[in-house]
Amino acid sequence: MNGRTIAVYSLKGGVGKTTLAVNLAWAAASLSSRRTLLWDLDGQAAATYILGHDGTGKKAQAAIRRDLDPAKLIAPTATDRLSLLPADRSLRGLDVEFHELDKKKRLAKIAGDFARGFDRILIDCPPGLTDTSEQILRAADLVIVPVIPSPLARRALEAIEEHMGGRKALRVPLLPVFSMVDRRRALHRETLADAPDWPVIPMASAYERMTEARAPIGMLGGRKSAPVAAIAALWQTVEKRLAASAS
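Anyway, here's the lowdown on the structure attached to this text.

What counts and how
Residue numbers here run from 1 along each chain, matching the order of that chain's written sequence. Per-residue local features are limited, in this predicted model, to residues with pLDDT of at least 70; the limit for side-chain atom pairs, both in listing and counting, is 80 or more; totals at the level of whole chains, interfaces and linings are taken over all residues. Water and hydrogen atoms play no part in the side-chain values, which are based on all heavy atoms of the structure. In this analysis, axes come from line fits to C-alpha atoms, helices being fitted only over the stretch in contact, and the angle between any two N-to-C directions falls in the range 0 to 180 degrees. A helix here means a DSSP run of H or I that spans at least four residues, while a strand means a run of E at least two residues long, and both kinds are numbered starting from the N terminus. Note that the term roughly parallel is reserved for angles under 35 degrees, roughly antiparallel for angles over 145, roughly perpendicular for angles of 65 to 115, and oblique for everything else. Helix crossings fall into two classes, left-handed where the near helix is turned counterclockwise from the far one by less than a right angle and right-handed where it is turned clockwise. Any two residues whose heavy atoms approach within 4.5 Å at even a single point are treated as in contact. Polar here means any residue outside two lists: the nonpolar Ala, Val, Leu, Ile, Met, Phe, Trp, Tyr, Cys and Pro, and the charged Asp, Glu, Lys and Arg; Gly therefore counts as polar. For every residue, the accessible area (1.4 Å probe, protein chains only) is compared with the maximum for its type, and the residue is labelled buried under 20%, exposed over 50%, or partly exposed between those bounds. Whenever a nitrogen or oxygen atom comes within 3.5 Å of another N or O atom, the pair is scored as a polar contact, on the condition that within protein one atom can donate a hydrogen and the other can accept it, and that pairs from neighbouring residues in sequence are kept only if both atoms are in side chains. Here, the term nonpolar core denotes a set of buried Ala, Val, Leu, Ile, Met, Phe, Trp, Tyr and Cys residues that are joined through side-chain atoms within 4.5 Å. Two strands form a pair only when DSSP identifies at least two bridges running between them. Criterion for a salt bridge: a side-chain nitrogen of Lys or Arg within 4 Å of a carboxyl oxygen of Asp or Glu. If the strands point away from the viewer and the path from the first strand over the helix to the second runs clockwise, then the crossover is right-handed. Expected span of a helix, by definition, is 1.5 Å for each gap between consecutive residues, and there is one gap fewer than residues.

### With respect to the packing of helix α5 (residues 106-114) against helix α6 (residues 131-139)
Where α5 contacts α6, the two axes come as close as 7 Å, and the packing angle between them is 40°. Put simply, α5 runs oblique to α6. Along this stretch, α5 crosses α6, giving a crossing that reads as right-handed. Here α5 contributes R106, L107, A108 and A111 to the contact with α6, which in turn contributes T132, Q135, I136, R138 and A139. Looking at the contact of α5 with α6 residue by residue, the class counts come to 5 nonpolar, 2 polar and 2 charged.

Spelled out as structure tokens, the structure:
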């Protein structure tokens with residue numbers, strides 16, 4: 001079987017999206033021994049930076065245009081079996097590029113090419129409902145949606161579901177995840193109680209250290225720590241969802 005594509009996507013920033021994408025890519029490579037590619041499609045290039053690259057070039061968008069082979073941009077990381085397709089500032093014009101290309105399955109075709117060499121492809125998506133997000137929804141086998149526990153959490157998920165609506169091309173399974181959870185807060189506890197089946201990623205200073213250390217959470221401390229255990233549990237859920245959809 002070819003590799004599977006998992007997108008980490010949110011309507012807005014500041015919900016722990018990039019942290020989640022980097023850590024799940026680490027989990028795929030380190031805990032499941034998968035040949036893993038983290039594809040950074042966010043023009044802020046935060047995932048690229050965390051994984052040790054600077055994102056200073058202008059080639060990422062050219063690769064999507066197929067002016068150059070995207071595979072030639074793939075770089076190794078400090079984690080065994082984890083490679084990176086870095087973002088750079090050229091991706092800030094990606095929506096315009098997709099609109100002008102008018103090729104709705106461009107990302108899906110590139111992901112399909114990558115799937116012959118990688119077991120798992122994690123995409124760190126830019127936020128918002130855009131031409132880029134529609135491309136990603138067409139390319140993904142599973143979409144992870146991080147949301148901060150609040151009364152608006154379900155509305156964020158419902159907005160994505162409504163956008164997908166009856167459009168057959170965008171029917172991809174969604175996996176909502178509570179992110180940046182602080183169980184000391186009554187609002188967070190109440191929101192979690194309303195959706196007990198959603199996976200939970202707690203707020204932890206270790207996640208904040210990732211940017212300074214430029215490394216995934218699993219490389220900053222023991223694998224039995226609570227932050228790493230939360231990522232490991234979520235990754236097991238992801239693998240189970242992928243296995244179920246393939247059967």
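### Here's the deal with the side chain of T77
By secondary structure assignment, the location of T77 is in the loop between β3 (75-76) and β4 (82-85). On the accessibility criterion, T77 (16% relative accessible area) is buried. Among the polar contacts listed, one links the side chain of T77 to the backbone oxygen of L82, at a separation of 2.7 Å. With sequence-adjacent residues up to four places away left out, T77 is seen in contact with L51, L82, S83 and L84.

### What about the nonpolar core?
Formed by 42 residues in total, the largest nonpolar core has its most connected members in W39, L41, L107, F114, I121, I123 and V143. Ranked by the residues each element gives to this core, the list is headed by α5, at 4 residues. Counting residues in each nonpolar core, the second largest holds 35 residues, with A25, A29, L38 and L84 among its members.

### A few points about the sheet that holds strand β6 (residues 142-147)
Within the open sheet, the 8 strands sit side by side as β3-β4-β2-β5-β1-β6-β7-β8. Their pairing is mixed. Among the strands making up the open sheet, the edge pair consists of β3 and β8 (200-202). Relative to strand β7 (residues 174-181), β6 runs parallel, the two being bridged by 5 bridges. Bridging from a neighbouring strand, V147 pairs with F178 of β7. Of the strands in this sheet, β1 (4-8), β2 (36-40), β4, β5 (120-124), β6 and β8 touch helix α1 (residues 17-30), which is tilted by about 170° from β5.

### Re the pattern of salt bridges
Tallied over the full model, the rule gives 13 salt bridges. Note that K17 is salt-bridged to D42, the shortest N-O span being 3.1 Å. Taken together, the positions of K17 in helix α1 and D42 in the loop between β2 and α2 (46-50) put the pair 25 residues apart, joining distant regions of the chain. Judged by its relative accessible area of 8%, D42 falls in the buried class. One salt bridge connects D124 with K17, and the closest N-O pair in it is separated by 2.7 Å. Of this pair, D124 sits in strand β5 while K17 sits in helix α1; the two residues are 107 residues apart in sequence, bridging distant segments of the chain. K17 matches D124 in its accessibility class, with the two residues each being buried. One salt-bridge network, in which partners are shared between bridges, spans K17, D42 and D124.

### Details of the pairing of β7
In terms of residue burial, β7 counts as a mostly covered element, since 7 of its 8 residues are buried. Taken together, the 2 bridges between β7 and β8 define a ladder with parallel strand orientation. Looking at β8, one finds that V181 is bridged to P202. For the handedness criterion, the β-α-β arrangement of β7, helix α8 (residues 186-194) and β8 is classed as right-handed.

### Remarks on α1
The first and last C-alpha atoms of α1 sit 20 Å apart over 14 residues, in line with the 20 Å expected at 1.5 Å per residue. Burial of α1 is extensive: 13 of the 14 residues sit out of reach of the surface.

### Description of the pairing of β6
Two faces belong to every sheet, and in a regular strand the side chains alternate between them. With 6 of 6 residues buried, β6 is to be regarded as a mostly interior element. Neither face of β6 is left uncovered, since the one carrying L142, I144 and P146 and the one carrying V143, V145 and V147 both have all their residues buried. Where β1 and β6 come together, 3 bridges link them in parallel fashion. Along β6, the bridge assignment pairs V8 with I144.

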